[in-house]
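# Observations on the three-dimensional arrangement
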Amino acid sequence: MVNRPRQLMYFVLLLIATIFSSNCGKKSGDVEPNNQIDKASEITFGKPFDIRIDPVGDIDWYKVEITGQGYLTVQANNVPEDLNLEVGFALYEEWEDSKVKWLKKWLKLPDALFVNKTSTYYFAVIDNNNDKASKDPIQLKVDFIPEFDQSEPNNEPGNATSVKFGTVIKPAIFPTGDSDWFKLNVTKPGYLLAKSKDVPKELTPNIYFAKYDEWAARKIQKIRNWHKLPDACRVNEPGEYYILLEDDYNNQSSETPFSFLVEFLNEMDMNEPNDHFTTAKAASRGDTLQIAIFPKGDKDYYKLNIERGNKLKILTTGYGDLVPEIKLYSLNENNKLHSESRWEKLPCEVDVIPKTEYYLLIHNQYDNKESEQVFEIRIE
(Lines give C-alpha, C1' and ligand atoms only; values in the text may rest on other atoms or scores of the structure.)
Protein backbone atom coordinates (compact mmCIF):
# COMPACT_ATOMS: atom_id res chain seq x y z
CA MET A 1 0.00 0.00 0.00
CA VAL A 2 1.37 3.41 -1.01
CA ASN A 3 2.12 5.94 1.76
CA ARG A 4 0.41 8.99 0.16
CA PRO A 5 1.54 11.69 2.69
CA ARG A 6 5.16 10.63 2.28
CA GLN A 7 4.79 10.56 -1.52
CA LEU A 8 3.27 14.07 -1.49
CA MET A 9 6.08 15.42 0.71
CA TYR A 10 8.68 13.89 -1.64
CA PHE A 11 6.99 15.58 -4.60
CA VAL A 12 6.97 19.01 -2.88
CA LEU A 13 10.66 18.72 -1.96
CA LEU A 14 11.50 17.72 -5.52
CA LEU A 15 9.59 20.73 -6.88
CA ILE A 16 11.38 23.13 -4.51
CA ALA A 17 14.75 21.67 -5.50
CA THR A 18 13.89 22.07 -9.20
CA ILE A 19 12.88 25.73 -8.75
CA PHE A 20 16.02 26.48 -6.73
CA SER A 21 18.18 24.79 -9.35
CA SER A 22 16.57 26.70 -12.23
CA ASN A 23 17.22 30.01 -10.49
CA CYS A 24 20.87 29.41 -9.60
CA GLY A 25 23.02 32.16 -11.14
CA LYS A 26 19.97 34.40 -11.74
CA LYS A 27 20.09 36.55 -8.65
CA SER A 28 18.40 39.92 -8.89
CA GLY A 29 19.91 42.87 -7.06
CA ASP A 30 23.39 43.80 -5.91
CA VAL A 31 25.82 41.04 -6.91
CA GLU A 32 29.47 41.94 -6.42
CA PRO A 33 31.78 42.42 -8.18
CA ASN A 34 29.79 44.84 -10.35
CA ASN A 35 32.14 47.79 -10.64
CA GLN A 36 32.30 47.56 -14.46
CA ILE A 37 29.48 47.78 -16.97
CA ASP A 38 30.11 44.27 -18.28
CA LYS A 39 29.73 42.96 -14.72
CA ALA A 40 26.43 44.77 -14.12
CA SER A 41 23.99 43.08 -11.74
CA GLU A 42 20.56 42.26 -13.14
CA ILE A 43 17.68 43.80 -11.24
CA THR A 44 13.90 43.35 -11.11
CA PHE A 45 11.46 46.24 -11.41
CA GLY A 46 9.66 47.15 -8.21
CA LYS A 47 11.76 44.86 -5.99
CA PRO A 48 13.91 46.83 -3.48
CA PHE A 49 17.43 45.58 -2.86
CA ASP A 50 20.39 46.62 -0.70
CA ILE A 51 23.69 48.01 -1.91
CA ARG A 52 26.80 49.39 -0.20
CA ILE A 53 29.13 52.10 -1.41
CA ASP A 54 32.34 50.62 -0.05
CA PRO A 55 35.29 51.14 -0.35
CA VAL A 56 35.91 54.79 -1.28
CA GLY A 57 35.53 55.17 -5.04
CA ASP A 58 33.13 52.22 -5.32
CA ILE A 59 30.86 52.22 -8.38
CA ASP A 60 27.99 49.74 -8.73
CA TRP A 61 26.54 48.85 -12.14
CA TYR A 62 23.06 47.40 -12.80
CA LYS A 63 21.08 46.43 -15.88
CA VAL A 64 17.47 45.91 -16.87
CA GLU A 65 15.57 44.96 -20.03
CA ILE A 66 13.01 47.51 -21.33
CA THR A 67 10.64 46.82 -24.21
CA GLY A 68 8.35 49.88 -24.27
CA GLN A 69 8.45 53.67 -24.24
CA GLY A 70 8.51 55.24 -20.80
CA TYR A 71 10.81 56.09 -17.91
CA LEU A 72 13.42 54.09 -16.03
CA THR A 73 13.38 55.45 -12.47
CA VAL A 74 15.90 54.91 -9.67
CA GLN A 75 15.37 55.97 -6.06
CA ALA A 76 17.25 55.34 -2.82
CA ASN A 77 16.29 55.02 0.86
CA ASN A 78 18.33 54.78 4.06
CA VAL A 79 21.25 56.70 2.57
CA PRO A 80 23.97 57.35 5.19
CA GLU A 81 24.28 61.04 6.07
CA ASP A 82 27.83 61.39 4.75
CA LEU A 83 26.96 60.01 1.28
CA ASN A 84 25.42 61.91 -1.64
CA LEU A 85 24.40 59.36 -4.23
CA GLU A 86 24.34 60.07 -7.96
CA VAL A 87 23.24 57.93 -10.88
CA GLY A 88 24.33 57.69 -14.50
CA PHE A 89 22.47 55.88 -17.30
CA ALA A 90 24.18 54.19 -20.23
CA LEU A 91 24.19 51.57 -22.97
CA TYR A 92 26.80 48.82 -23.21
CA GLU A 93 28.84 48.84 -26.43
CA GLU A 94 30.59 45.50 -26.37
CA TRP A 95 32.59 46.02 -29.56
CA GLU A 96 33.79 49.57 -28.88
CA ASP A 97 36.98 50.65 -27.10
CA SER A 98 34.86 52.62 -24.66
CA LYS A 99 32.26 50.11 -23.51
CA VAL A 100 30.07 52.77 -21.89
CA LYS A 101 27.83 54.98 -24.03
CA TRP A 102 26.47 57.52 -21.59
CA LEU A 103 22.84 58.58 -22.05
CA LYS A 104 22.56 60.73 -18.92
CA LYS A 105 25.39 61.21 -16.50
CA TRP A 106 25.66 61.81 -12.76
CA LEU A 107 22.56 63.43 -11.36
CA LYS A 108 21.39 63.19 -7.77
CA LEU A 109 18.99 60.43 -6.80
CA PRO A 110 16.11 60.05 -7.32
CA ASP A 111 16.34 60.40 -11.08
CA ALA A 112 14.90 58.88 -14.26
CA LEU A 113 15.76 58.22 -17.89
CA PHE A 114 13.41 58.54 -20.85
CA VAL A 115 13.59 55.45 -23.08
CA ASN A 116 11.81 54.76 -26.36
CA LYS A 117 13.74 51.81 -27.79
CA THR A 118 13.76 48.16 -26.78
CA SER A 119 17.16 47.45 -25.26
CA THR A 120 19.15 46.52 -22.16
CA TYR A 121 19.70 49.69 -20.19
CA TYR A 122 22.47 50.14 -17.64
CA PHE A 123 22.89 52.48 -14.71
CA ALA A 124 25.64 53.09 -12.19
CA VAL A 125 25.47 54.48 -8.64
CA ILE A 126 28.34 56.36 -6.95
CA ASP A 127 29.04 58.81 -4.17
CA ASN A 128 29.02 62.24 -5.83
CA ASN A 129 32.68 63.08 -5.17
CA ASN A 130 33.95 59.49 -4.93
CA ASP A 131 35.57 60.41 -1.61
CA LYS A 132 33.27 58.73 0.92
CA ALA A 133 32.15 55.20 1.72
CA SER A 134 29.86 53.38 4.13
CA LYS A 135 29.34 49.76 5.15
CA ASP A 136 25.70 50.53 5.99
CA PRO A 137 23.17 49.07 3.53
CA ILE A 138 21.35 51.46 1.18
CA GLN A 139 18.04 50.42 -0.33
CA LEU A 140 17.57 50.97 -4.08
CA LYS A 141 14.29 50.59 -5.93
CA VAL A 142 14.02 50.61 -9.71
CA ASP A 143 10.74 51.02 -11.58
CA PHE A 144 9.47 51.46 -15.12
CA ILE A 145 6.74 54.04 -15.71
CA PRO A 146 4.89 53.65 -19.04
CA GLU A 147 4.70 56.81 -21.17
CA PHE A 148 2.15 59.38 -19.97
CA ASP A 149 3.17 62.39 -22.12
CA GLN A 150 1.44 62.03 -25.48
CA SER A 151 3.84 64.56 -27.04
CA GLU A 152 6.91 62.36 -26.53
CA PRO A 153 9.36 61.73 -28.00
CA ASN A 154 10.02 65.40 -28.79
CA ASN A 155 13.37 66.07 -27.12
CA GLU A 156 14.93 67.37 -30.35
CA PRO A 157 13.70 69.92 -32.89
CA GLY A 158 13.86 67.21 -35.55
CA ASN A 159 11.03 65.33 -33.81
CA ALA A 160 9.10 68.37 -32.56
CA THR A 161 5.40 67.80 -31.90
CA SER A 162 3.09 69.65 -34.30
CA VAL A 163 0.47 71.74 -32.49
CA LYS A 164 -2.45 73.81 -33.68
CA PHE A 165 -3.31 77.29 -32.52
CA GLY A 166 -5.91 77.31 -29.76
CA THR A 167 -5.61 73.57 -29.00
CA VAL A 168 -4.73 72.64 -25.42
CA ILE A 169 -2.07 69.94 -25.07
CA LYS A 170 -0.80 68.20 -21.93
CA PRO A 171 3.00 68.04 -21.76
CA ALA A 172 4.97 66.89 -18.72
CA ILE A 173 8.49 68.01 -17.84
CA PHE A 174 9.88 64.65 -16.76
CA PRO A 175 12.52 63.46 -16.00
CA THR A 176 14.89 66.19 -14.78
CA GLY A 177 16.45 67.84 -17.81
CA ASP A 178 13.52 67.05 -20.11
CA SER A 179 13.24 69.24 -23.23
CA ASP A 180 9.98 69.45 -25.19
CA TRP A 181 9.94 70.85 -28.73
CA PHE A 182 6.78 72.01 -30.51
CA LYS A 183 6.24 73.45 -33.98
CA LEU A 184 3.54 75.55 -35.63
CA ASN A 185 2.77 76.77 -39.13
CA VAL A 186 2.30 80.54 -39.45
CA THR A 187 0.62 82.05 -42.52
CA LYS A 188 0.94 85.79 -41.82
CA PRO A 189 2.80 88.28 -39.60
CA GLY A 190 1.64 88.50 -36.00
CA TYR A 191 2.44 87.03 -32.59
CA LEU A 192 2.76 83.58 -31.07
CA LEU A 193 1.37 83.69 -27.53
CA ALA A 194 2.19 80.69 -25.31
CA LYS A 195 0.28 80.10 -22.06
CA SER A 196 0.10 77.47 -19.35
CA LYS A 197 -2.07 76.56 -16.36
CA ASP A 198 -2.30 73.84 -13.72
CA VAL A 199 1.50 73.75 -13.57
CA PRO A 200 2.87 71.56 -10.73
CA LYS A 201 4.32 73.70 -7.95
CA GLU A 202 7.79 72.17 -8.41
CA LEU A 203 8.10 73.55 -11.95
CA THR A 204 8.81 76.94 -13.48
CA PRO A 205 8.34 76.39 -17.22
CA ASN A 206 10.47 78.57 -19.51
CA ILE A 207 10.32 78.79 -23.30
CA TYR A 208 12.18 80.24 -26.22
CA PHE A 209 11.12 80.64 -29.85
CA ALA A 210 13.18 79.59 -32.84
CA LYS A 211 13.33 78.61 -36.49
CA TYR A 212 14.89 75.29 -37.46
CA ASP A 213 16.72 74.22 -40.60
CA GLU A 214 18.28 70.75 -40.48
CA TRP A 215 20.43 71.57 -43.55
CA ALA A 216 21.89 74.80 -42.19
CA ALA A 217 25.28 75.06 -40.45
CA ARG A 218 23.47 76.56 -37.46
CA LYS A 219 20.36 74.41 -37.34
CA ILE A 220 18.57 76.32 -34.58
CA GLN A 221 18.09 80.06 -35.09
CA LYS A 222 16.77 81.53 -31.87
CA ILE A 223 14.40 84.47 -32.48
CA ARG A 224 13.40 85.18 -28.87
CA ASN A 225 15.36 84.22 -25.76
CA TRP A 226 14.22 82.41 -22.60
CA HIS A 227 11.16 83.82 -20.80
CA LYS A 228 8.73 82.48 -18.23
CA LEU A 229 5.19 81.67 -19.29
CA PRO A 230 3.06 83.35 -20.47
CA ASP A 231 5.18 84.82 -23.25
CA ALA A 232 4.80 86.00 -26.82
CA CYS A 233 7.03 86.32 -29.86
CA ARG A 234 6.60 88.48 -32.94
CA VAL A 235 6.84 86.66 -36.28
CA ASN A 236 7.39 88.85 -39.32
CA GLU A 237 6.83 86.34 -42.10
CA PRO A 238 5.00 83.07 -42.81
CA GLY A 239 6.79 79.83 -42.05
CA GLU A 240 7.32 77.06 -39.52
CA TYR A 241 8.23 78.21 -36.03
CA TYR A 242 9.48 76.21 -33.05
CA ILE A 243 9.03 76.50 -29.29
CA LEU A 244 11.32 74.84 -26.73
CA LEU A 245 9.77 74.19 -23.31
CA GLU A 246 11.94 73.36 -20.28
CA ASP A 247 12.02 73.84 -16.53
CA ASP A 248 13.86 76.94 -15.39
CA TYR A 249 17.47 75.85 -14.61
CA ASN A 250 16.59 72.25 -15.65
CA ASN A 251 16.72 71.11 -12.02
CA GLN A 252 13.10 70.12 -11.33
CA SER A 253 10.64 67.66 -12.84
CA SER A 254 7.14 66.32 -12.32
CA GLU A 255 5.17 63.34 -13.59
CA THR A 256 2.03 65.49 -13.59
CA PRO A 257 1.07 66.89 -17.02
CA PHE A 258 -0.13 70.50 -17.24
CA SER A 259 -2.09 72.53 -19.80
CA PHE A 260 -0.14 74.28 -22.58
CA LEU A 261 -1.69 76.45 -25.27
CA VAL A 262 -0.38 78.56 -28.16
CA GLU A 263 -2.55 81.27 -29.70
CA PHE A 264 -1.98 83.48 -32.73
CA LEU A 265 -2.50 87.24 -32.40
CA ASN A 266 -2.84 89.49 -35.42
CA GLU A 267 -0.42 92.41 -35.68
CA MET A 268 -1.78 95.38 -33.73
CA ASP A 269 1.12 97.80 -34.33
CA MET A 270 1.19 98.79 -37.99
CA ASN A 271 4.71 100.23 -37.64
CA GLU A 272 6.25 96.82 -36.93
CA PRO A 273 8.80 95.50 -37.49
CA ASN A 274 10.83 98.40 -36.07
CA ASP A 275 12.67 96.80 -33.15
CA HIS A 276 16.10 97.83 -34.49
CA PHE A 277 17.36 101.21 -35.67
CA THR A 278 17.97 99.72 -39.12
CA THR A 279 14.22 99.09 -39.45
CA ALA A 280 13.17 102.42 -37.90
CA LYS A 281 10.04 104.02 -39.36
CA ALA A 282 10.14 107.65 -40.45
CA ALA A 283 8.36 110.24 -38.28
CA SER A 284 8.21 114.05 -38.11
CA ARG A 285 7.06 116.89 -35.88
CA GLY A 286 3.29 116.93 -35.79
CA ASP A 287 2.92 113.15 -36.19
CA THR A 288 0.73 111.08 -33.89
CA LEU A 289 2.04 107.51 -33.68
CA GLN A 290 -0.21 104.54 -32.95
CA ILE A 291 2.02 102.02 -31.14
CA ALA A 292 1.88 98.95 -28.90
CA ILE A 293 4.59 97.73 -26.55
CA PHE A 294 4.19 94.01 -27.08
CA PRO A 295 5.58 91.48 -26.30
CA LYS A 296 7.54 92.15 -23.12
CA GLY A 297 10.85 93.75 -24.01
CA ASP A 298 9.50 95.31 -27.21
CA LYS A 299 11.51 98.28 -28.54
CA ASP A 300 10.22 100.65 -31.22
CA TYR A 301 12.55 102.88 -33.26
CA TYR A 302 11.59 105.93 -35.30
CA LYS A 303 13.80 108.10 -37.51
CA LEU A 304 13.33 111.86 -36.99
CA ASN A 305 14.64 114.66 -39.20
CA ILE A 306 14.61 117.85 -37.14
CA GLU A 307 14.27 120.77 -39.54
CA ARG A 308 13.73 123.57 -37.04
CA GLY A 309 13.64 124.33 -33.32
CA ASN A 310 15.91 123.25 -30.49
CA LYS A 311 13.27 121.48 -28.39
CA LEU A 312 11.31 118.31 -29.03
CA LYS A 313 8.17 117.62 -27.01
CA ILE A 314 6.77 114.09 -26.85
CA LEU A 315 3.31 113.46 -25.37
CA THR A 316 1.35 110.26 -24.82
CA THR A 317 -2.09 109.01 -23.84
CA GLY A 318 -3.94 105.73 -23.36
CA TYR A 319 -0.95 103.65 -22.25
CA GLY A 320 -2.69 101.97 -19.30
CA ASP A 321 -0.32 100.25 -16.82
CA LEU A 322 2.76 100.81 -18.95
CA VAL A 323 5.52 103.29 -18.09
CA PRO A 324 6.63 104.45 -21.56
CA GLU A 325 9.98 106.18 -21.82
CA ILE A 326 12.14 107.42 -24.67
CA LYS A 327 15.73 108.09 -25.58
CA LEU A 328 17.28 109.96 -28.53
CA TYR A 329 20.26 108.68 -30.51
CA SER A 330 22.32 109.74 -33.47
CA LEU A 331 24.60 107.65 -35.70
CA ASN A 332 28.37 108.06 -35.27
CA GLU A 333 31.05 107.69 -37.92
CA ASN A 334 31.08 103.90 -37.35
CA ASN A 335 27.36 103.69 -38.05
CA LYS A 336 26.68 102.93 -34.37
CA LEU A 337 24.07 104.53 -32.15
CA HIS A 338 25.31 107.38 -29.96
CA SER A 339 23.22 108.62 -27.01
CA GLU A 340 21.91 112.18 -27.41
CA SER A 341 19.64 112.22 -24.35
CA ARG A 342 18.93 110.44 -21.09
CA TRP A 343 16.04 108.08 -20.64
CA GLU A 344 12.95 110.24 -20.16
CA LYS A 345 9.50 109.17 -18.98
CA LEU A 346 6.66 110.43 -21.11
CA PRO A 347 5.49 113.15 -21.42
CA CYS A 348 8.84 114.91 -21.78
CA GLU A 349 10.80 117.61 -23.57
CA VAL A 350 14.36 117.09 -24.87
CA ASP A 351 16.99 119.31 -26.50
CA VAL A 352 17.68 118.83 -30.20
CA ILE A 353 19.82 120.47 -32.89
CA PRO A 354 18.11 121.67 -36.10
CA LYS A 355 19.06 120.02 -39.39
CA THR A 356 19.99 116.80 -37.52
CA GLU A 357 18.78 113.23 -37.96
CA TYR A 358 17.83 111.40 -34.76
CA TYR A 359 16.64 107.95 -33.82
CA LEU A 360 13.85 107.87 -31.24
CA LEU A 361 13.62 104.70 -29.12
CA ILE A 362 10.39 103.99 -27.24
CA HIS A 363 9.97 101.14 -24.72
CA ASN A 364 8.48 100.34 -21.34
CA GLN A 365 10.65 101.25 -18.36
CA TYR A 366 12.65 98.19 -17.20
CA ASP A 367 11.13 96.14 -20.07
CA ASN A 368 8.99 94.38 -17.48
CA LYS A 369 5.47 95.04 -18.82
CA GLU A 370 3.59 94.57 -22.04
CA SER A 371 0.20 95.39 -23.48
CA GLU A 372 -1.65 94.43 -26.66
CA GLN A 373 -3.51 97.73 -26.38
CA VAL A 374 -2.49 100.38 -28.93
CA PHE A 375 -1.84 103.86 -27.51
CA GLU A 376 -0.84 107.22 -28.96
CA ILE A 377 2.41 109.18 -28.93
CA ARG A 378 2.40 112.76 -30.22
CA ILE A 379 5.62 114.41 -31.49
CA GLU A 380 5.70 118.23 -31.28
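This structure is a prediction, so every number in the text was calculated from the model and none was measured.

## Digging into the sheet that holds strand β8 (residues 119-127)
Judged by pairing direction, the sheet is mixed, and its 5 strands sit side by side in the order β1-β3-β8-β5-β6 without closing on themselves. Because the sheet does not close on itself, it has two edges, and the strands there are β1 (41-42) and β6 (100-108). Both strand β5 (residues 85-92) and β8 contribute to a ladder of 6 bridges, which runs antiparallel. From the neighbouring strand, Ala 90 faces β8, where its bridge partner is Tyr 122.

## Examining the confidence of the model for the protein
Of the residues in the protein, 93% have a pLDDT of 70 or more, and the chain-wide mean is 92. Contacts from residues 8-27, a stretch scored under 50 in pLDDT, to residues over four places away or in other chains number 1 contact.

## Focus: unusual backbone geometry
The linkage connecting Leu 109 with the following residue, Pro 110, adopts the cis geometry, with an omega of 0°. As for its position among the elements, Pro 110 is in the loop between β6 and β7 (111-115). For the bond running from Leu 229 to Pro 230, omega is 0°, close enough to zero to count as cis. Among the structural elements, Pro 230 can be located in the loop between β14 (220-228) and β15 (231-235). Of note in the backbone geometry, Asn 335 takes a positive phi value of approximately 60° without being a glycine. Within the secondary structure, Asn 335 sits in the loop between β22 (324-331) and β23 (337-339). Judged by relative accessible area, which is 48%, Asn 335 ranks as partly exposed.

## Regarding the environment of Leu 337
The residue Leu 337 is located in strand β23 in this model. Excluding residues within four positions of it along the chain, Leu 337 makes contact with Phe 277, Tyr 301, Tyr 329, Ser 330, Leu 331 and Tyr 359.

## Things to note about the pattern of salt bridges
Under the criterion given, the structure shown has 15 salt bridges. In this structure, Lys 132 engages Asp 131 in a salt bridge whose closest nitrogen and oxygen atoms are separated by 3.9 Å. Residue Lys 132 is classed as partly exposed on the basis of its relative accessible area, which comes to 34%. You can call Asp 131 partly exposed: its relative accessible area is 41%. Note that Asp 231 and Arg 224 form a salt bridge whose closest N and O atoms lie 2.9 Å from each other. If you follow the salt bridges from partner to partner, you end up with Arg 234, Glu 267, Glu 272 and Asp 298 in one network.

## Some points on the sheet that holds β14
A sheet is described by the order of its strands in space; here 5 strands give the open sequence β10-β11-β16-β13-β14, paired in mixed fashion. Of all the strands in the sheet, just β10 (161-162) and β14 have a single pairing partner and so form its edges. Inspection of the sheet shows strand β13 (residues 205-212) paired to β14 by 6 bridges, in the antiparallel sense. Following the sheet pairing, Ile 207 is matched in β14 by His 227.

## Here's the deal with the side chain of Asn 364
Within the element layout of this structure, Asn 364 appears in strand β26 (residues 356-364). Of note is the side chain of Asn 364, whose polar atom sits 3.1 Å from the side chain of Asn 368. In this view, Asn 364 contacts Ile 293, Leu 322, Val 323, Pro 324 and Lys 369; residues no more than four positions away in its chain are not counted.

Conventions used here
- Residues numbered from 1 in each chain as written.
- Predicted model: local features only at pLDDT ≥ 70, side-chain atom pairs only at ≥ 80, totals over all residues.
- Heavy atoms only, no water.
- Pairing = 2+ DSSP bridges.
- Helix = DSSP H or I, 4+ residues; strand = E, 2+ residues; numbered from the N terminus.
- pLDDT = per-residue confidence, 0-100.
- Contact = heavy atoms within 4.5 Å.
- Buried < 20%, exposed > 50% of the residue type's maximum accessible area, 1.4 Å probe, protein only.
- Salt bridge = Lys/Arg side-chain N within 4 Å of Asp/Glu carboxyl O.
- Polar contact = N/O pair within 3.5 Å; in protein donor to acceptor, adjacent residues only side chain to side chain.

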